[in-house]
Amino acid sequence: MKCETCGGTGYMGTEQRECPECKGRGKMTLSLGEASESDLMELLAGGKCERCGGTGRVEVRVPCPACAGSGELGKCKLCGRTVPAGRETCEQCATHPTVLRMDSACDVSDLKEGMLLLGVISGHFPSGKFVSLNNRVRGIVRTKARYELNEQVVVRVRSIRGNDVELEPVNMERYTLLELEKDIDTTPIEHITEGMVRIEGEVVSVRQTAGPTLFTVRDDTGTIKCAAFDGAGVRAYPSISAGSLVRVVGEAERRGDVLQIEVLSMRALIGGEADALKKRLSEALRKLSTPRRVELLVESEPMKKLYDDMQRVARKLLECVYTSTPIIIRHHADADGITAAVCLEQALLPLIRRVGGDEDAHYLLRRSPSRAPFYEMMDVVKDLDGALLARERFGQNLPLVILVDNGSGQEDVDALKLLSIYGIPTIVVDHHHPSPLIDELVDIHINPALAGGDYSITTGMLCLEIARMIHEGADRMVHLAAVSALGDRASGQEAQHYIELATARYPLEHLSDMALSLDYLSYWLRFSEGTQLVCDVLDLSARPQRHARLVELLSTQAKRAIEEQLAVCLPHVKTTHLPNGILLAVLDVEHHAHTFTFPPPGKTVGEVHDHICRTHGDEPVVTIGYGPDFAVIRSRGVEMNFPEIVSELAQRLEGAGISGGGHLVVGSIKFVQGMRKQVLEALAERLGRIQMEG
């Protein structure tokens, strides 16, 4: 084979040396008795050395030390090291005996007569001993010498006849022990078919089953599962974990529609081999993780400013896919949060299945709803505990957490601090009012308020565009951005454009019914993601008739529940005009609304607010629905920064335990029950001092 050190040329370069003809003098030296007439004339004329031109130095090639100038390499017949062509053994084996230990992937075809091997006495027969060279190859030694079972012994291969191997013992006290690996070329993962293969790559995940240990290995062309068995439920190759660079030899077999390697041997790579592989993998990952450059579906200056950050999010998610890193999508359990999360989920799933099959899709991507519009401690502790347990039990990478339709507010800070302690990468895509502390706690923070926009650019719109950067199939989900806008009552130009795009396929009323159905469904799902039900509601299951029937059923039930709730609530709504002209509507949802059913307090207040707005023309309206220790606020036609109002009240009312947040003109506030009267009075007074729009 060609020498890699010199590229097959046989030399490493040139250097200047003393001229061998003139001995460095630069002039000719002649014996007068032997010199011809022309030689004498040349000597009299100056006598320059023809070889060096009178310099005394000549340029010579420096032979390659690896191939001794031949440009070709062979292999030492004893240890397998590379040697110059024509040589049978390397210098070490020629001066110091080398004994080989057969790798577990080797078989009889890897043996050669004369090889020195390390074996183990595995049995006796009348005229000799059985010697196991690995778990696949056994030979016989004809000897009367005494050996104990499992005793190590150095043997030489005398003869090989088919699968019959005859050995002879060799007394040797000092020797160099090397590993004899299976002599087989490395196959790129994307080119693997069934049969014996060798791959080199990075272990991206390890999962222990009740049977074998499953290693997911990636190279620069793809990813494959490698099953190693060392006993039922016993961790095979415990020294190899996620991140290890390995060489695997085994039998590639098909499990259903997926190829899997049954591991015969696995070895960690070190030194130059590891460095070269790491460089290849890094470059391949960079190319695979490059997101699509797509044109935004709508004209929006804030979204244009966020484009590069959306590309960064897409790249991070793609890196997770191709390194088998778990992804947790945490989202608010309303129409906007669900549609946003589903956009990402549906864009990622086909890629995860392509890389690792359906099993990876189940383990590596989890969409989890949150009842609160922020990342509660209950949710983060659950996510963190599961991630740490998976790392401890299965060697799984810590996940990437992406917060959707939550994560930007002050109430998210404590949960994000907890994630940062464990070094868990975190992304926030939200449109709630952002806290200045968030950027310090997350890897990427996308919020239209940070680019000159506001809450009317919903998270569903942002995540649709990110999904389109991840997978070309995301264009079929354009209507999800419209559903998010209708569910969040967004009224900006971006919302109108997405709704116009969606109405080319669905009537506006049907889109609104989808949003309402999601809200209704998520209430009864509680903390479950309800993947199939949600996909049916959003018409992502390729079953349009079932979709239509389901949306009609759920939206009808939701409308009836809302009508019943309004019939109970509206007689108890109290209204008054504040000094600045705002119509303030107040409802005690604890005593004058159905509880523990749909619609919940937030939705109830929203429906009451919509009714008040419809019956009072263009008046500026603020609606407050309060319970024992909370209040929900909705508004129209007022210039308000509700998170700032919450912060101001928290400073004014000592001992009230005030917290909360939301968008600029809608939100919620929490407090202790004993201070409810004081908090509501202070809130009404503060609302009476804000300005109306226009």
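Think of each chain on its own: its residues are numbered from 1, step by step along the sequence as written. The predicted origin of the model limits local features to residues at a pLDDT of at least 70 and limits the giving and counting of side-chain atom pairs to 80 or more, whereas totals for whole chains, interfaces and linings rest on all residues. Note that water and hydrogens are dropped before the side-chain values are worked out from all heavy atoms of the structure.

Chemist: I'd like to hear about the packing of aromatic side chains, residue by residue, with values.
Modeler: Ring pairs shown here join Phe, Tyr and Trp side chains whose ring centres sit within 6.5 Å, with only the six-membered ring taken for Trp; geometry is labelled stacked below 30 degrees between planes, edge-to-face above 60, and tilted in between. Counted under the stated rule, the structure contains six aromatic pairs. Measuring from centroid to centroid gives 5.0 Å for Phe-125 and Phe-130, while their planes differ by 50°, and the two rings are tilted. Relative accessible area decides the class of each residue, using a 1.4 Å probe on protein chains only: under 20% of the type maximum gives buried, over 50% gives exposed, and in between gives partly exposed. Accessibility expressed as a relative area gives 23% for Phe-130, which makes it partly exposed. Ring geometry for Tyr-523 versus Phe-598: centroids 6.2 Å apart, planes at 70°, classification edge-to-face. In this pair, Tyr-523 is assigned in helix α12 (residues 508–525) and Phe-598 in the loop between β23 (583–588) and α15 (601–615), connecting sequence segments 75 residues apart. In this pair, the class of Tyr-523 matches that of Phe-598, namely buried. Through successive ring pairs, a cluster of aromatic residues spans Tyr-520, Tyr-523, Trp-524 and Phe-598. A run of H or I in DSSP becomes a helix once it reaches four residues, and a run of E becomes a strand once it reaches two; helices and strands are each numbered from the N terminus.

Chemist: Break down the pairing of strand β17 (residues 327–332) for me, citing the residues and quoting the values.
Modeler: Regular strands have side chains that alternate between both faces of the sheet. β17 sits mainly inside the fold: six of its six residues count as buried. Side chains of β17 alternate between two faces, with Ile-327, Ile-329 and His-331 and Ile-328, Arg-330 and His-332 buried alike. Note: β17 against strand β18 (residues 365–370), six bridges, orientation parallel. In the strand pairing of β18, His-332 is matched with Ser-370. In this structure, β17 lies alongside strand β19 (residues 400–404), joined through five bridges in parallel fashion. The residue of β19 that forms the bridge with Ile-329 is Ile-402. Two strands qualify as a pair provided that DSSP identifies no fewer than 2 bridges between them.

Chemist: Outline the packing of helix α16 (residues 642–652) against helix α17 (residues 676–687), supporting the account with residue identities and numerical values.
Modeler: The geometry of α16 relative to α17 is characterised by a closest axis approach of 11 Å and an angle of 130° between their N-to-C directions. Judged by the inter-axis angle, α16 sits oblique to α17. Here α16 and α17 pass one another in a crossing that is right-handed. On α17, the residues touching Phe-642, Ile-645, Glu-648, Leu-649 and Arg-652 of α16 are Ala-682, Leu-683, Glu-685, Arg-686 and Leu-687. All amino acids are sorted into three groups, where Ala, Val, Leu, Ile, Met, Phe, Trp, Tyr, Cys and Pro are nonpolar, Asp, Glu, Lys and Arg are charged, and the leftover types, Gly among them, are polar. A breakdown of the residues in the contact of α16 with α17 according to their chemical character gives six nonpolar, no polar and four charged. Each axis is a line fitted through C-alpha atoms, and for a helix only the stretch in contact is used; angles between axes span 0 to 180 degrees, taken between their N-to-C directions. Each angle gets one of four labels, with under 35 degrees taken as roughly parallel, over 145 as roughly antiparallel, 65 to 115 as roughly perpendicular, and the rest as oblique. Whether a crossing is left-handed or right-handed is set by the direction in which the near helix is turned from the far one by less than a right angle, anticlockwise for left-handed and clockwise for right-handed. The contact criterion used is simple: two residues touch if any of their non-hydrogen atoms lie within 4.5 Å.

Chemist: Which residues make up the sheet that holds β23, and what values go with them?
Modeler: Here six strands make up an open sheet; going across it, the order is β22-β23-β24-β25-β28-β27 and the pairing mixed. The open sheet has two edge strands, β22 (574–577) and β27 (659–662), and neither has a second partner. Neighbour to neighbour, the strand axes of the sheet diverge by 15° on average, direction disregarded. In the sheet, strand β24 (residues 621–626) pairs with strand β25 (residues 630–636) via six bridges, with the strands oriented antiparallel. Note on β25: the bridge partner recorded for Val-621 is Arg-636. On the sheet, α15 packs against β23, β24 and β25 and is oriented at approximately 30° with respect to β25. Packed on one face of the sheet, α17 meets β23, β24, β25 and β28 (667–670) and runs near 175° to β24.

Chemist: How would you summarise the pairing of β23 if you had to cite specific residues and measurements?
Modeler: Judged by how many residues are buried, β23 sits mostly within the fold: five of six residues are covered. Sheet topology places β22 next to β23; four bridges connect them, and they run antiparallel. Within β23, the position partnered with Thr-575 by the bridge is Ala-585. Taking the residues that link successive antiparallel strands as the turn, the β22-β23 hairpin has five residues, and the phi of Gly-581 there is positive, at about 95°. Sheet analysis places β23 next to β24, joined by six bridges and oriented parallel. Residue pairing for β24: Leu-587 is matched across the bridge by Gly-625. When the strands point away from the viewer and the connection leading from the first strand across the helix to the second strand turns clockwise, the crossover is called right-handed. Handedness of the β23-α15-β24 crossover: right-handed.

Chemist: I'd love a proper account of helix α14 (residues 544–569), names of residues and values included.
Modeler: Compared with an ideal rise of 1.5 Å per residue, which puts 26 residues at 38 Å, α14 spans 37 Å between its outermost C-alpha atoms and is within 8% of the ideal. Listed in full, the buried residues belonging to α14 are His-547, Leu-550, Val-551, Leu-554, Ser-555, Ala-558, Ala-561, Ile-562, Gln-565, Leu-566 and Cys-569. Residues of α14 that are buried in the fold lie against α12, α13 (531–537), β23 and α15. A helix's residues, less one, multiplied by 1.5 Å, set its expected span.

Chemist: Outline the pattern of salt bridges, supporting the account with residue identities and numerical values.
Modeler: The working definition used for a salt bridge is a side-chain nitrogen of Lys or Arg within 4 Å of a carboxyl oxygen of Asp or Glu. One pass over the full model with this rule turns up 40 salt bridges. Across the pair Glu-181 and Arg-247 runs a salt bridge, and its minimum N-O distance is 3.2 Å. Of this pair, Glu-181 sits in the loop between β11 (176–180) and β12 (195–208) while Arg-247 sits in strand β15 (residues 245–255), and the two are 66 residues apart along the sequence. Look at Arg-247 and you get buried, because its relative accessible area is 5%. With its nearest N and O atoms 3.8 Å apart, the salt bridge here joins Glu-607 to Lys-603. Placement of both Glu-607 and Lys-603 in helix α15 is noted, with a separation of four residues, approximately one turn of the helix. The pair Glu-607 / Lys-603 is uniform in exposure class, with both members buried. Three or more residues are tied together by salt bridges with common partners; here these are Arg-142, Arg-156, Arg-158, Glu-166 and Glu-168.

Chemist: I'd like a rundown of the environment of Pro-238, residues and numbers included.
Modeler: Mapped onto the fold, Pro-238 is located in the loop between β14 (223–228) and β15. Taking the C-alpha atoms as reference points, Pro-238 and Thr-213, 25 residues apart in sequence, are found 9.7 Å from one another.

Chemist: Give a detailed account of the nonpolar core, specifying residues and quantitative values.
Modeler: Definition used in this section: a nonpolar core is a set of buried Ala, Val, Leu, Ile, Met, Phe, Trp, Tyr and Cys residues joined via side-chain atoms within 4.5 Å. If you look at the biggest cluster of nonpolar residues, it comprises 97 residues, and the most contacted ones within it are Leu-317, Ile-402, Ile-446, Ile-466, Ile-470 and Leu-538. Considering every element that reaches this core, the biggest residue donor is helix α6 (residues 335–364), with 14 residues. Here Ile-402 is in contact with Val-313, Leu-317, Ile-327, Ile-328, Ile-329, Arg-330, Leu-344, Ile-427 and Val-429, once residues within four sequence places are set aside. Judged by nonpolar contacts, the second largest core, of 28 residues, contains Val-638, Ala-656, Leu-680 and Ala-682.

Chemist: Lay out the sheet that holds strand β16 (residues 258–268) with the relevant residues and their values.
Modeler: Sheet architecture is closed into a barrel: five strands sit in the order β12-β13-β14-β16-β15, paired in mixed fashion. Looking at each pair of strands side by side, their axes are set apart by 55° on average, direction ignored. Both strand β13 (residues 213–218) and β14 contribute to a ladder of six bridges, which runs antiparallel. What sits directly across from Arg-218, in β14, is Thr-223. Relative to the sheet, helix α3 (residues 271–288) contacts β12, β13, β15 and β16, its axis offset from that of β15 by approximately 60°.

Chemist: Mind laying out the state of the cysteines, listing which residues take part and the relevant values?
Modeler: Our working definition of a disulfide is a cysteine sulfur pair at a distance within 2.5 Å. Counted according to the given criterion, the structure contains zero disulfides. With no disulfide of its own, Cys-19 lies closest to Cys-22 among cysteine sulfurs, the gap being 3.8 Å. By relative accessible area, which is 0% here, Cys-19 ends up buried.

Chemist: Can you explain the environment of Pro-169? Please cite residues and give values.
Modeler: Within the secondary structure, Pro-169 sits in strand β10 (residues 164–169). Remark: the alpha-carbon pair of Pro-169 and Glu-251, spanning 82 residues in sequence, is separated by 32 Å.

Chemist: Break down unusual backbone geometry for me, with residues and values.
Modeler: Between Phe-598 and Pro-599 the backbone carries a cis peptide bond, its omega angle lying at 0°. By secondary structure assignment, the location of Pro-599 is in the loop between β23 and α15.

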